[in-house]
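# Summary of structural features
Letter by letter, the chains look like this.
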Amino acid sequence: MTTARSNWDESVILDRAHLAGFTGGDEDLEAEILGIFVANAPNYLETLKAAPLADWKAHAHKLKGAARGIGAWRLAVEAERAETEMPERSDADRAACLSELAARLDALLAEIRAVVAA
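Being a predicted model, the structure only gives us computed values, none of them experimental. (Residues numbered from 1 in each chain as written. Predicted model: local features only at pLDDT ≥ 70, side-chain atom pairs only at ≥ 80, totals over all residues. Heavy atoms only, no water.)

## Observations concerning the environment of isoleucine 70
Quick reminder of the rule: In DSSP terms, a helix is any run of H or I states spanning at least four residues, a strand is any run of E spanning at least two, and both are numbered starting from the N terminus. By definition, residues are in contact when any of their heavy atoms lie within 4.5 Å.
Inspection of the secondary structure puts isoleucine 70 in helix H3 (residues 56–70). Linking isoleucine 70 and alanine 110, residues 40 residues apart in sequence, is a C-alpha distance of 15 Å. Residue contacts for isoleucine 70: discarding those within four places in its chain leaves Leu14, Asp15, His18, Leu19, Ile33, Leu34, Phe37, Leu108 and Ile112.

## Details of the packing of aromatic side chains
What counts here: Note on aromatic pairs: the rings of Phe, Tyr and Trp (six-membered ring only in Trp) are paired at centre separations within 6.5 Å, and the planes decide the class, stacked below 30 degrees, edge-to-face beyond 60, tilted for the rest.
Going through the model one piece at a time under the given rule, you end up with one aromatic pair. Arranged with centres 5.8 Å apart and planes meeting at 10°, the rings of tryptophan 8 and tryptophan 73 form a pair that is stacked. Highlighted residues: tryptophan 8 in the segment before helix H1 (16–23) and tryptophan 73 in helix H4 (residues 73–84), separated in sequence by 65 residues.

## A few points about the layout of surface pockets
To be explicit about the condition: Here a cavity means grid points, on a 1 Å grid over the protein atoms only, where a 1.4 Å probe fits yet cannot get out; a pocket means an open set of points with protein on both sides within 12 Å along at least five of seven lines; lining residues are those with an atom within 4 Å of a point. Grid points are joined across faces, edges and corners, and a volume is the space filled by probe spheres set on the points. Throughout this entry, Asp, Glu, Lys and Arg are counted as charged residues, while Ala, Val, Leu, Ile, Met, Phe, Trp, Tyr, Cys and Pro are counted as nonpolar. The remaining residues, Gly among them, count as polar.
Taken as a whole, the largest pocket holds about 180 Å³ of empty space. Considering the residues around the largest pocket, the lining is formed by Arg16, Glu27, Asp28, Glu30, Ala31, Leu34, Val115, Val116 and Ala118. Listing elements by their share of the lining of the largest pocket, those giving two or more residues are helix H2 (27–50) and helix H5 (91–117). When residues of the lining of the largest pocket are assigned to their parent elements, the largest contribution, five residues, is made by H2. Here the lining of the largest pocket is built from residues that sort into five nonpolar, no polar and four charged.

## A short note on the pattern of salt bridges
Applicable threshold: Think of a salt bridge as a Lys or Arg side-chain nitrogen and an Asp or Glu carboxyl oxygen that are within 4 Å of each other. Each residue is assigned to one of three classes by its accessible area relative to the maximum for its type, calculated with a 1.4 Å probe on protein chains only: buried under 20%, partly exposed between the two thresholds, exposed over 50%.
Within the structure shown, the criterion is met by twelve salt bridges. Of the charged contacts in the structure, one is a salt bridge between arginine 74 and glutamate 100, with a shortest N-O distance of 3.9 Å. Of this pair, arginine 74 sits in helix H4 while glutamate 100 sits in helix H5, and the two are 26 residues apart along the sequence. Note that arginine 81 is salt-bridged to glutamate 78, the shortest N-O span being 2.6 Å. Remark: glutamate 78 and arginine 81 occur in helix H4; sequence separation between them is three residues, near one turn of the helix. Given the relative accessible area of 8%, glutamate 78 is considered buried. What emerges from the salt-bridge pattern is a single network uniting Glu10, Arg74, Glu78, Arg81, Glu100 and Arg104.

Here's what the structure looks like:
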């Protein structure tokens, strides 16, 4: 089965222009939203890691939505792969996907810390 993919730029860790558009340019709101993301996104990934296969798609969708909301395209693309491709793949493929999601989330969290510190 072929699934249409989103056209997010996978090279972008955090699209600040998207985030500014989402918040109307309110920097305090941006910081608040990023703080909420930092507090919740790792839990979404941990829940996905522990999820039974029947729930994999729903949990990957939550992570994708959180990433997409702030313009974290690099993470959103991999979460979309997790949602649309991994439920039918092998345990080894899902483990590799989880590893890639963790790496992309770590890079995003580092980027967010740099943005908030600036």
